[in-house]
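One-letter residues, chain by chain:
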Amino acid sequence: MAGRLSYDDAMRFAAIRLKIQDPELKQGKVETSKAQTALGTLERPWGIEGGFAVVYKFRTRSGSFRALRCFRVPMSPDMQFRYERLGPYFHMHLPAITTDFTYHASGILVKEAGQPDTVYPIIEMDWIEGDTLSDKIDALCRQRDKAGLKTLSQQWLALITCLHKAGVAHGDLAGQNVMVRHDGRLVLIDYDGVYIPAFAQLNSIVLGQPDYQHPQSAQRKFNEHMDAFSALVIYVVLLALSLAPDLWNAYTRRGNRGEALDSNLLFKEDDFKEPQRSKLFRDLELRADPQVQRFILALKQACQQPIDQVRFPFHLIDPDYEKREALDRLNAAISTDDDELIGKSWHPLLENYQPARQQRERAKLAQQRVQALARFRTALQTGKLAQIANQYDPILNGSKNVTPDEREAVRLARIFLEAYREQKQDDEALLESSAALHKLALSVPIAFTQGQQRSIELAQKRRQLRHDVRAALKGREIEALAACYAELAYLSQFLADEERQCIELAQDFVMACATNDDARIIELYETIRQAAQFASLRFTQQQRERIELARRHNEALALLQTALKSQRARTIAEAYIPLLRSSKGLAAEEHSFLAQVSSFVQAYDCDDDEGISKAFNALLQPSCSYLLQFTDAEFERISRAEQRYSRLQAFQAALASQNLQQIVEIYQQFAPTLRTMQAFTQEQREIVRLAQNFRRGYAEDNDKLLLAAFEEIASSVYQSRLRFTAEEEQRISMAQQYAEQLRIFAKALKSNEAEQIINSYESLAVHLRCQLSPAETAMVASARDYLTNYQHFQRSLQGGNEREIRQAYKRISNHALLKLQPDEQTYVRRLQQVQTLEEMLHNGQQEKALQMARKLEVQDLRALQPLQSDLNRALRRYIRGHELEQVQVYIQAAGGRRSLVVGWRWPKDEQIRDGLLIYSAFDYPPLIRYTADIQAAQFHHAIRRAHEPFYRAEIDIGNHALLYVRVCAAIREFWGDLSEAQGPFAPPRERRILVSTGIEQIAQLASSASSLNSRRKII
């Protein structure tokens, strides 16, 4: 819930924040007050802050004041329910000591930091001008106004008396919750915890302030007695102060400005917990007069009593208070003329109380009525009419407590029972009273006995029957009159003879129609038509049609009898028209005979062999009492039909056997006949086709045809109509196995795997091998040839003879089934590369051969062994044709030291990876072929080619002023003897470096560089 500051903020903007639509409030404003603070004068909304709420003084648009009460703590969910009922009850019972108010569920919009905007309820009340009871007592005590305090105590006693008589408890009686108007009248405020009789089933939501409450206030029940202790506390304080006002200053703490700091009235919570040790109780007992001491003693006793036994001691004020109060309650009850309330209001104290003598007889009558009413209502609870009628006491005739429905129940019960017991069967009285009893708003519905219920049902039936008969007689309709026939026994006393005869005649006609008795229908129709008293009876259109149908039946029967005498089947069938099929003028066996004759003629006309045969045989049965004459043509057709039908039956028997061979054989035997018969259905034709296809494959021993027929049968809707023999199933299984072998073989052919092809071929049955195509046979032979050569190739690989390997590979290299393992492919590929390398050397393609050899050298060193000599010879020829380019050499001196400066450009061919510098102080170094030959030279340097195209270096040469220099290109030789290598990639001994002829130059100091003597020889 919102706090004081949040409500203050909302009240400042009441015109926007108030959700109450009353313009008096919407256009009003809250009153403000000013207070001095360290920061200066602070103006804030005028409000009184209590334990549960803040009450603001609000000026309306018209200038009047209202109190707006805003809750600071969460309130009970039923608070709106309570306040909506408190207002009317206060207005009726306690208008003098309460004020008008309105509860607004949507009162004011409050905004708080970090919280969503929320609309809280507000209670709008009359603003009471005056002081709180605490402030009034403080003022009177300061003035030592004993009379005023005495008057205040009397007013307090009157207030709690009003509460007691109204059955109301405030729940939080305290000095701050009672206002004293300027005219001295006391008014209660703060109604959150109020109890009224309508709240008997609710819970308490306010415990009250501890300085006014019993030590067991937490156990206080929510009822009309919960104010007894706090009311007594305030009354004792007012009585004591009216005798000794100085007690107020002795027990009241005050602030710097003299204001009372506490909200209590003399007593503290601890005084009630241990009254025997309380200093205040001792002071009060010393200063009080005997009357006040009695109330102080009552308060001390109340402190030690269980809280639910505490009552305000009205008897100390008036010994006859309880009697007068009881008499007041009795008089109030008598004024209502409510016997139950009068009975409850009678108290034993009034038995010998003289003022109550006149009311005693009325109370006694009320008690008798209450007892009689209890017996009557007990009977009502049974729902039994006899008990309800018998248990109603005439003493209740004048009782207001008997409801109109209860009195009506007694009246109706007596009417019903009288009608039920009478032999005259007063149906209307019985039904009207029972219906009225059902409509009464009784706590328990009326329960009729089985006999009573049966009488009600019979009465209802008789009433309905009388209604139906009167309506039928008035309408003169045959069907309606016939429906009344079954109830004639119940209605005999209500009908005249002519009416009874009319009903009986209608019933006979309806029965004749129901039994299809055509003769009786015509007879009754003529009777009705010719009798004057019945001539007005009305037939429905359907009945008229039935009469006409009966006449036509009779005419058709006459024609049929003539046809039967002719003994001709067609004549009889034509006379047996559909109209006669349901006629009861023919016996069952006659209908059967006529049906067979009609079937025969229909089958004859439709060329239905089966129908002709069956109908003819049925007509020949001994049970047939009629004779027929057939023509020669008819006899011939019958004979042919029987022959064709017998063949159809044989075929159908074969179908029923589900045996494929039998079906095919029978069909082949009778095919010409069956194909011309209508009874040979498309379904049967399909079954024959399926059986024929299968048996053809079976007879020809054709697996492909057999399986195709089998699969077609298996996927057909007629699968369940055909059953294979054990031999057929075995043959199907073999065909499936052979098909699987062929499938595997075909898959092997597609795989191009020679070994798979040979294995799948070997798995084929012998007769299947003979069925292979020439191409398939050639494929098998090719696979065999390939496997033989491949196995020879593998043995060559194991032997390591490259010549044999090459020859073996040559035999399989162009084979369509060639598939090598990865290591075999690698080996073959390198053999091919070596062969290509050999061809290059033979054709003089030295540079390409050397480049390829370098790559192959990295992959497989052993592959180059056969070409080692040829490669090295090509290498020597190659190095002689390549020298370093743009060679420069000279000596420079710097810092007392001399350096040989050497520079050149590397050849474009990147196979030249090394350079060699040789110099001497005496003469040109000799020509060399290998790096091993330079060991005797005085000075030499080997240089490895880097990524830069140029090379330059400075070499310390001591004090030499002239040097003879030879600069050569160098290249590494291919491996020599490979016999020491372990495995194809293990290196043998150290390789040599081949050296070019080189370039000779003389290096002198830079100052004499122009006289350099340079020469170049190429060998």
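Conventions used here
- Residues numbered from 1 in each chain as written.
- Predicted model: local features only at pLDDT ≥ 70, side-chain atom pairs only at ≥ 80, totals over all residues.
- Heavy atoms only, no water.
- Domains from an automatic or database assignment.
- Pairing = 2+ DSSP bridges.
- Helix = DSSP H or I, 4+ residues; strand = E, 2+ residues; numbered from the N terminus.
- Axes fitted to C-alpha atoms, helices over the stretch in contact; angles between N-to-C directions.
- 1 Å grid on protein atoms, 1.4 Å probe; cavity = no way out; pocket = protein on both sides within 12 Å on 5 of 7 lines; lining within 4 Å.
- Points joined across faces, edges and corners; volume = space filled by probe spheres on them.
- Contact = heavy atoms within 4.5 Å.
- UniProt positions renumbered as here; feature names shortened; annotations may be inferred.
- Salt bridge = Lys/Arg side-chain N within 4 Å of Asp/Glu carboxyl O.
- Buried < 20%, exposed > 50% of the residue type's maximum accessible area, 1.4 Å probe, protein only.
- Phe/Tyr/Trp six-rings, centres within 6.5 Å; stacked < 30°, edge-to-face > 60°.
- Lys NZ or Arg CZ within 6 Å of the ring centre and 35° of its normal.

1. A short note on the domain arrangement of the chain
Bring the parts together and some accessible area is lost; that lost area is often taken as the interface size. The domains assigned to the chain are domain 1 (1–127), domain 2 (130–317), domain 3 (335–391), domain 4 (565–630), domain 5 (820–879) and domain 6 (882–1004). Placing a centre on the C-alpha atoms of domain 1 and another on those of domain 3 gives a separation of 50 Å.

2. Some details on the sheet that holds strand S16 (residues 950–958)
Strand pairs in the sheet, formed through backbone hydrogen bonds, run parallel or antiparallel to each other. Taken in spatial order, the three strands line up as S12-S13-S16 in an open sheet, and their pairing is antiparallel. The open sheet terminates on both sides in strands that have one partner only, identified here as strand S12 (885–894) and S16. Here the average twist between neighbouring strands, direction ignored, is 20°. Bridge count between S12 and strand S13 (residues 897–905): eight bridges; the pairing is antiparallel. Note on S13: the bridge partner recorded for Val889 is Val902.

3. A closer look at empty space enclosed by the protein
For the coordinates displayed, the defined rule picks out five cavities of 30 Å³ or more. For the second largest cavity, the calculated volume is near 40 Å³. Residue lining of the second largest cavity: Ala569, Arg570, Phe600, Val601, Tyr604 and Glu634, and that is the complete set. Counting residues per element, the ones that place at least two in the lining of the second largest cavity are helix H24 (569–575) and helix H25 (588–606). Element by element, the count of residues in the lining of the second largest cavity is highest for H25, at three residues.

4. Overview of the sheet that holds strand S10 (residues 178–181)
Taken in spatial order, the three strands make up an open sheet running S9-S10-S11, and their pairing is antiparallel. Bordering the open sheet on either side are strand S9 (130–132) and strand S11 (186–188), each of which pairs with just one other strand. Looking at each pair of strands side by side, their axes are set apart by 30° on average, direction ignored. Two strands pair when backbone bridges link them, and S10 and S11 are joined in this way by three bridges, in the antiparallel orientation. Residue pairing across strands places Val180 opposite Leu186, the latter belonging to S11. Relative to the sheet, helix H5 (residues 133–142) contacts S9 and S10, its axis offset from that of S9 by approximately 95°. Helix H6 (residues 146–166) contacts S10 and S11 of the sheet and is inclined by roughly 40° relative to S11.

5. A closer look at the UniProt feature "domain: Protein kinase" (unreviewed entry) in the chain
Summarizing the sequence annotation, UniProt attributes the feature "domain: Protein kinase" (unreviewed entry) to residues 41–350 in the numbering used throughout. Each end of residues 41–350 is marked by a C-alpha atom, and these two atoms are 67 Å apart; helix forms 38% of the span and strand 16%.

6. Comments concerning the pattern of salt bridges
If charged atoms from side chains of opposite charge come close, those side chains can pair. Tallied over the full model, the rule gives 54 salt bridges. Between Arg375 and Asp393 there is a salt bridge, with the nearest N and O atoms lying 3.8 Å from each other. Remark: Asp393 occurs in the loop between helix H15 (385–390) and helix H16 (404–421) and Arg375 occurs in helix H14 (residues 357–382); sequence separation between them is 18 residues. For Arg375, a relative accessible area of 41% puts it in the partly exposed group. Accessibility expressed as a relative area gives 26% for Asp393, which makes it partly exposed. Close ionic contact of Arg731 with Asp701 constitutes a salt bridge, the shortest N to O distance being 2.4 Å. In this pair, Arg731 sits in helix H31 (residues 726–751) while Asp701 sits in the loop between helix H29 (682–700) and helix H30 (703–714), placing the two residues 30 residues apart along the sequence. Among the charged side chains, a network of salt bridges with common partners joins Arg4, Asp8, Arg44, Glu49 and Arg72.

7. Topic: the packing of aromatic side chains
Within this structure, the stated rule accounts for 37 aromatic pairs. When the centroid spacing of 5.2 Å and the interplanar angle of 90° are considered together, the rings of Tyr195 and Phe222 count as edge-to-face. Remark: Phe222 occurs in the loop between S11 and helix H7 (228–243) and Tyr195 occurs in the loop between S11 and H7; sequence separation between them is 27 residues. Take Tyr195 and Phe222: they sit in the same class, and that class is buried. Among the aromatic residues, those joined into a cluster by ring pairs are Tyr83, Phe90, Phe101, Tyr103 and Tyr191. Here the basic side chain of Lys57 rests over the ring of Phe65, its NZ or CZ set 4.5 Å away from the ring centre. It is Arg82 that lies over the ring of Phe199; its NZ or CZ is 5.8 Å from the centre.

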